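# Breakdown of the fold
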Amino acid sequence: MTITCKFGGTSLADANQVKKVNNIINDNKERRYIVVSAPGKRDKKDIKITDLLYHLYKMAEDNMDYTDTLNKIKDRYNRIIKELNLNLDLEDEYKIIVEELEKGTTPDYIASRGEYLMGKIMAKYLNAQFIEPQNSIFITGEGKLKEITYEILGNLLKRDGLFVVPGFYGAGPNNLIKTFSRGGSDVTGSIVARATSSSLYENWTDVSGFHMADPNIIPDAKPMKEVSYRELRELAYMGATVLHDEAIFPVREKNIPIRIKNTNEPQAEGTLIVGNRDYRNTPVIGIAGRKNFSMVYIEKALMNKEKGFGRRLLAIVESHDISFEHTPTSIDSMCVIMSDSELKDKGEDLLDDIQRVFQPDRVELIKNLALIATVGEGMVYRVGTAARLFGAVSRAGVNIRVINQGASELNIIIGIENKDFENAVKAIYYEFIK
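Note that the coordinates shown come from a computational prediction; the quantities given were computed from them, not determined experimentally. (Residues numbered from 1 in each chain as written. Predicted model: local features only at pLDDT ≥ 70, side-chain atom pairs only at ≥ 80, totals over all residues. Heavy atoms only, no water.)

## What to know about the overall build of the protein chain
Filter applied, for reference: To qualify as a helix, a DSSP run of H or I must reach at least 4 residues; to qualify as a strand, a run of E must reach at least 2; elements of each kind are numbered from the N terminus. The globule rule is 2.2 Å times the number of residues to the power 0.38, and the radius of gyration it is compared with is taken over C-alpha atoms. Residue burial is assigned from relative accessible area. The probe radius is 1.4 Å, only protein chains are included, and a residue is buried under 20% of its type maximum, exposed over 50%, and partly exposed in between. Contact definition: two residues touch when any of their heavy atoms are within 4.5 Å. Accessible areas in this description were obtained via Shrake-Rupley with a 1.4 Å probe; residue shielding takes into account the shown protein chains only. None of His or the chain ends enter the tally, which takes Lys and Arg as positive and Asp and Glu as negative. To locate a charge, take atom NZ for lysine, CZ for arginine, CG for aspartate or CD for glutamate.
Per the secondary structure count, the protein chain includes 14 helices and 16 strands. Taking 22 Å as the expected radius of gyration for a compact globule of 434 residues, we find that the protein chain reaches 24 Å, a close match to that expectation. By residue count, 52% of the 434 residues in the protein chain fall in the buried class. Pairs at least 24 residues apart make up 74% of the contacts formed inside the protein chain by residues separated by at least 6 positions. Here the protein chain displays about 20400 Å² of accessible surface, and carbon together with sulfur accounts for 46% of that area. Here the protein chain carries 58 positive and 61 negative side-chain charges, and the mean point of each set is 4 Å from the other.

## Overview of the sheet that holds strand S1 (residues 3-7)
Strand pairing in a sheet relies on backbone hydrogen bonds. The paired strands run either parallel or antiparallel. In plain terms, the rule: Two strands pair if DSSP finds at least two bridges between them. Only the stretch in contact is used when fitting a helix axis, every axis being a line fitted to C-alpha atoms; angles between N-to-C directions are given from 0 to 180 degrees.
Taken in spatial order, the eight strands of this open sheet run S3-S4-S2-S1-S7-S9-S10-S8, and their pairing is mixed. Of all strands in the sheet, those with a lone pairing partner are strand S3 (129-130) and strand S8 (226-228), marking the two edges. Here three bridges tie strand S9 (residues 258-262) to strand S10 (residues 271-274), and the two strands are oriented antiparallel to one another. Looking across to S10, one finds that arginine 259 is bridged to leucine 272. Of the strands in this sheet, S8 and S10 touch helix H8 (residues 229-237), which is tilted by about 85° from S8.

## Examining the nonpolar core
The line we're drawing: Buried residues of nine kinds, namely Ala, Val, Leu, Ile, Met, Phe, Trp, Tyr and Cys, make up a nonpolar core once their side-chain atoms join them within 4.5 Å.
The biggest cluster of nonpolar side chains holds 70 residues, and the ones touching the most others in it are Leu153, Leu243, Ile273, Ile287, Ile372, Ile428 and Tyr429. At seven residues, the largest contribution of residues to this core is made by strand S14 (residues 362-375). The residues touching isoleucine 287, leaving out its near neighbours within four places in the chain, are Met212, Ala213, Asp214, Leu235, Ile372, Ala373, Thr374, Val425, Ile428, Tyr429 and Ile433. Core analysis: the next-biggest nonpolar cluster, separate from the first, contains 49 residues, Ile81, Leu86, Ala128 and Val164 among them.

Everything listed here is a matter of coordinates, which is why it stays silent on function.
The structure is reproduced here in structure tokens:
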């Protein structure tokens, strides 16, 4: 039995946190594969190393003096090294970073140095073998993992001992550094777990697992002891961001469970993410949502008789470089819901194109919407789930603008006004979770 552990930025923010990580690893000899993030914030006013690195790159790109920013980065690492009493000098590594900046390197390369340097420190501190992701994790230009990674990385990790793998990056086209999206160290951890056929993937962060609703809205929200991959995927999409949503895929294919753990409370049980869970006692596992969506509403008589209507509508949305979230429909109407971050200031032009192409009876852009998902594997087997949900929201005095239920019946999504978001979440939570 072996365990892959990923430690997030807050777990590695300073030397004291690193010592906690060391104690966690030493507490269980099955923890052999250690994936590290770049140091995170030490307090609310602090800046993450990754953010400093992106700023460093931008200053170099704009031909600005980046000495102060570089010194801040060096100071963070050097302080950790000093306080851990390590015989380690990273000056040559800093010089290489400067040389790459002067040559005009990529932002992916600079951003990856956060995990790379932390990996060097952790390998030294743990007396572990350092694994370079550029030589073992292979990513396409579109950011997808190449299957050959599992074989090559797995062979490197077959040896005895402890291993440290920097998260967040690998080799892209032409063997240039390529990063995953932010939070991508979670993905690296999942890749390592699969490559090593680990029995468990532990993801160590600064919270003791997931809650069944946002604690900022429901202060007494219950913790999730267990959640399925599919349920978590839905919750992550709607804003439950403890784990990178793409981290599920590598381990799900091999049915490797993930446990979310708290570095500052290592004895807490955390949340276990599994392929299938017993949902008899908790048909609804969580409520999650996000604000700031907009909805294009199109109404046209006999819409259902126009072949390709939906395809053409979505093609117009795509032509404006907008991703959509949902498309609720009826026989003579269709809606397209998109986040405001995607729509930006394109709403008027989008409506003009829809009007020109379809000549609809009505077209309208409805703004200031929030979406709330009620998620649970067991809902499909419970009569009256939707009635209870809508009744709870109604009693809270909240008007539902949109209803969307996936074909899997894994979730029910409602659209409401932004101003009613917190009240609706509370109403749904206390209806289903006692």
